[in-house]
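Summary of structural features
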Amino acid sequence: MAHVIALANQKGGVGKTTTAVNLGAGLASEGKRVLIVDSDAQGNATSGVGISKQNIQKDVYDVLVNEEPMQNVIMHSAHEGLDIVPATIQLSGAEIELTPQMARETRLQNAIKQINDQYDYVLIDCPPSLGLITINAFTASDSILIPVQSEYYALEGLSQLLNTVQLVQKHFNPNLYVEGVLLTMYDARTNLGAQVNEEVRKFFKEKVYKSIIPRNVRLSEAPSHGLPIIDYDPNSKGAKVYMKLTKEVLAANDK
Ligand code: ADP
Ligand code: MG
């Protein structure tokens, strides 16, 4: 059975997609069978693992809205062991279309159950909102991993995020827990970085990963080549730290 992790933070640009792609590739490099479910209409995780739009026949929209079997939507990335359920701009209409439908919160959960035994890890890359798609992701997940950007107001909005976790626990998924909190885009040269680090650790305690993702230009270049960082520049700081994070996630899940 796969361990299902949602990458979530309703703020955009905090490193959700970067973490989905690079943790996914890291786990695959450690021999795990990994599926990324792109649940953001931007489709950045999809293009980030090298899948181009014109090759996508069906996407996560079809899974959520038309209950297309997950198996029919899965695509292989160029990185061995790393598969993806792609997203396209089609997904942007899904929340409205789902609203009047039956079992609208459990669509993704049901879909992931169909393929659960084919993977060791499923990583759901959430959109920057706490709407119905994120609710679907939380309902489908064992845990959530929260990337937090090292900037002013880093903690802002996190209580809303945790409220949504509680709502999903109450109504759909009582066992959902916080897998970990990841500091991203860290700049060691500033006091701000250290301050945010301290604040986040005070709040989330041992849930915060030892690995801290620095600002690294190679990490921001890799997506335009459709490659995870370990394939784009394995010697970069970004590649090394995402491998370190991979080891922490593996150790926590004893796999
Ligand atoms: P989200 O999915 O939360 O919106 P992304 O992972 O897409 O955030 O990151 C936002 C932007 O920042 C992207 O252009 C990405 O390439 C870049 N980025 C992410 N992490 C880093 C990092 N550690 N260093 C430099 N750029 C980064
Ligand atoms: Mg994203």
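Residues numbered from 1 in each chain as written. Chains lettered and ligands numbered in written order. Predicted model: local features only at pLDDT ≥ 70, side-chain atom pairs only at ≥ 80, totals over all residues.

Points about the packing of helix α1 (residues 16-29) against helix α11 (residues 237-253)
In contact at an axis separation of 9 Å, α1 and α11 are set at 65 degrees when each is read in the N-to-C sense. One finds that α1 runs roughly perpendicular with respect to α11. Our pair here, α1 against α11, has a crossing hand that is right-handed. Here α1 contributes Asn-22, Leu-23, Gly-26 and Leu-27 to the contact with α11, which in turn contributes Tyr-242, Met-243, Leu-245, Thr-246 and Val-249. (Axes fitted to C-alpha atoms, helices over the stretch in contact; angles between N-to-C directions. Helix = DSSP H or I, 4+ residues; strand = E, 2+ residues; numbered from the N terminus. Parallel < 35°, antiparallel > 145°, perpendicular 65-115°, else oblique. Left-handed = near helix turned anticlockwise from the far one by under 90°. Contact = placed C-beta atoms within 7 Å.)

Examining the site of ligand 1
By nearness alone, 17 residues border ligand 1, and Lys-16, Thr-17, Thr-18, Leu-219 and Ser-220 come closest of all. Listed by contribution, the elements that provide at least two residues to the shell around ligand 1 are α1 and α9 (217-221). The element best represented in the shell around ligand 1 is α1, accounting for three residues. (Near = placed C-beta within 6 Å.)

Quick notes on the UniProt feature "domain: AAA" (unreviewed entry) in the protein chain
What UniProt calls "domain: AAA" (unreviewed entry) maps, in this numbering, to residues 3-177. Across residues 3-177 one finds 36% helix and 17% strand; the C-alpha atoms that close the span lie 12 Å apart. (UniProt positions renumbered as here; feature names shortened; annotations may be inferred.)

Brief notes about the pairing of strand β2 (residues 34-38)
Across the five residues of β2, five count as buried, placing the element largely inside the fold. Of the two faces of β2, the one holding Val-34, Ile-36 and Asp-38 and the one holding Leu-35 and Val-37 are both buried throughout. Strand direction decides the pairing type here: β2 and strand β4 (residues 82-85), joined by four bridges, are parallel. Along β4, the bridge assignment pairs Val-34 with Leu-82. Relative to strand β5 (residues 121-125), β2 runs parallel, the two sharing five bridges. The residue of β5 that forms the bridge with Ile-36 is Leu-123. (Buried ≥ 20, exposed ≤ 12 C-beta atoms within 10 Å, placed from the backbone. Pairing = 2+ DSSP bridges.)

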